[in-house]
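# Observations on the three-dimensional arrangement
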Amino acid sequence: MMILNQRISWSFILLVLPFVLHTQSKENIRTHTEFLASDKLEGRGTGSRGIRLAANYIAEQLKSIGLQPINGNSFYQKFPFPGEAEMESNVVGFIKAGTASKKSVVFMAHYDGLGIQKEEGQKDTIYNGARDNAVGVAALLELARKFKNAGTPRYNLVFVATAGEELGLHGSKFYVDHPIFPSEDIIICLNIDGFNVSGPREDYFIFPRQGVDFIDEVKTILNPLGWYYISPDWVDDLNANFDTASFLKKGIPALTLWTGNRLKGGKIAEPLGLGGIHTPQDEINDNWNWDGVEDHLQLYKHIADYFLEHPDGISVTDPTLFIKP
């Protein structure tokens, strides 16, 4: 009877565990996003008090997750910013490979925003940057937690929250030039800029879709899991707009992944009023649906897991596409 009860208990645990983990990820991402996009942080503008508060929060989270700091006990990678007396900081932590290696997978999300912008007749002056990119940083932190809990990786995992993205990709450029592990040994950079708060989806697309040779490999990873690669044409217009460009123009594989508008089962979703990016309306509202965040997170994790096992053979075929004219 005891053995039967034990079997029933384990069966119950195995049944509810995915739901518990899903709920945990959703709540963690929501909690991080709510803080980073709060009025207290004043839009996280470059050089502001708010961006310093955001950096401190991210560093504390990386420490509590158990990542290693990059410089003694510090998670801050300081860099000069044009026109600013005070230095800006990337916030960086890493999980060291089980066997000594120079290779790394880099996870990245920018945490800076547009701050406070006062215009005549405008009541709301805080550009909270909830979708761009508080929720992306929240996802970065949750990925760090997942990988830390998964045990020692085969290669180094680096988690970088960049500053200065909105005003010229400054933080990512600095990291590429001053990496924790050699740039030439970066397997791939997985960048998170925006995240799915529209609810469950089944399609995805990738920035960039040209100038690289690894799109088919990503399809091979994700399509068997029930995901459909459906890429809009306007993707090509944004080749130089993401932090990934800092890597791609130097020949380092990098991507940003978005989910699309296709609901589970194939129906196209109705548009949701989520708040336009680069406006004061980019803040959390009642239309946000957090039920798709774990699925989006898993897309990044599956890609990372694959390239940790297959670290060679992908490349940037045309770095010139990622240089701003």
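Below or above, wherever it landed, is the structure these notes cover.

Conventions and cut-offs
Residues numbered from 1 in each chain as written. Predicted model: local features only at pLDDT ≥ 70, side-chain atom pairs only at ≥ 80, totals over all residues. Heavy atoms only, no water. Helix = DSSP H or I, 4+ residues; strand = E, 2+ residues; numbered from the N terminus. Buried < 20%, exposed > 50% of the residue type's maximum accessible area, 1.4 Å probe, protein only. Contact = heavy atoms within 4.5 Å. Polar contact = N/O pair within 3.5 Å; in protein donor to acceptor, adjacent residues only side chain to side chain. Core = buried A, V, L, I, M, F, W, Y, C linked by side-chain atoms within 4.5 Å. Salt bridge = Lys/Arg side-chain N within 4 Å of Asp/Glu carboxyl O. Phe/Tyr/Trp six-rings, centres within 6.5 Å; stacked < 30°, edge-to-face > 60°. Lys NZ or Arg CZ within 6 Å of the ring centre and 35° of its normal.

## Description of unusual backbone geometry
Residues Asp132 and Asn133 are joined by a peptide bond in cis, for which omega reads 15 degrees. Inspection of the secondary structure assignment puts Asn133 in helix H3 (residues 130-149). With an omega of -5 degrees, the peptide bond running from Phe207 to Pro208 counts as cis. Along the chain, the position of Pro208 falls in the loop between strand S7 (203-207) and helix H5 (215-222). Phi angles above zero are rare outside glycine, and Glu42 is one such case at about 55 degrees. By the secondary structure assignment, Glu42 is in the loop between helix H1 (2-36) and helix H2 (49-65). Of the residues examined, Glu42 reaches a relative accessible area of 24% and is grouped as partly exposed. Even without a glycine there, the phi angle at Leu169 is positive, about 60 degrees. Structurally, Leu169 can be placed in the loop between strand S5 (156-162) and helix H4 (170-177).

## Focus on the side chain of Arg145
With respect to the helices, strands and loops of the structure, Arg145 is situated in helix H3. Beyond its immediate stretch of four places on either side in the chain, Arg145 contacts Gln24, Ser25, Asn28 and Ile65.

## A word on the environment of Gln77
Position of Gln77 among the secondary structure elements: in strand S2 (residues 76-79). By relative accessible area, Gln77 is classed as buried at 8%. Sequence separation between Gln77 and Ile192 is 115 residues; the distance between their C-alpha atoms is 19 Å. Excluding residues that lie within four positions of it along the chain, Gln77 makes contacts with Ile70, Glu88, Ser89, Asn90, Val92, Phe174, Tyr175, His178 and Ile180. Here the side chain of Gln77 touches His178 through a polar contact of 2.8 Å, landing on its backbone oxygen.

## Thoughts on the nonpolar core
Judged by nonpolar contacts, the single largest core of 87 residues is most densely connected at Phe107, Tyr111, Phe159 and Phe247. In terms of residues, this core owes the most to one element, H3, which gives eleven residues. What Tyr111 contacts, discounting residues up to four positions off in sequence, is Arg44, Ile51, Ala54, Ala55, Ile58, Ser89, Val91, Val137, Ala161, Thr162 and Ala163.

## Thoughts on the pattern of salt bridges
What the rule picks out here adds up to 16 salt bridges. We note a salt bridge from Asp295 to Lys264, for which the minimum N-O separation is 3.9 Å. One end of the pair, Asp295, is in helix H7 (residues 293-309); the other, Lys264, is in the loop between strand S9 (254-259) and H7, and 31 residues separate them in sequence. In the salt-bridge network here, residues are joined through shared partners; they are Arg52, Glu86 and Glu88.

## Here we look at the packing of aromatic side chains
Given two aromatic rings, their pairing is described by the distance between the two centres and the angle made by the two planes. The full count for this structure, using the stated rule, is 16 aromatic pairs. Pairing Phe94 with Phe181 gives two aromatic rings, centres 5.6 Å apart and planes at 85 degrees, and the pair type is edge-to-face. In this pair, Phe94 sits in strand S3 (residues 88-95) while Phe181 sits in the loop between H4 and strand S6 (186-191), placing the two residues 87 residues apart along the sequence. Phe181 carries the same exposure label as Phe94, and that label is buried. Members of the aromatic cluster, connected to one another through ring pairs, are Phe205, Phe207, Trp234, Phe242 and Trp258. One Lys or Arg, Lys264, reaches over the ring of Trp227 and ends 4.6 Å from the middle of that ring. The positively charged end of Lys301 is found above the aromatic ring belonging to Phe147, 4.8 Å away from the centroid.

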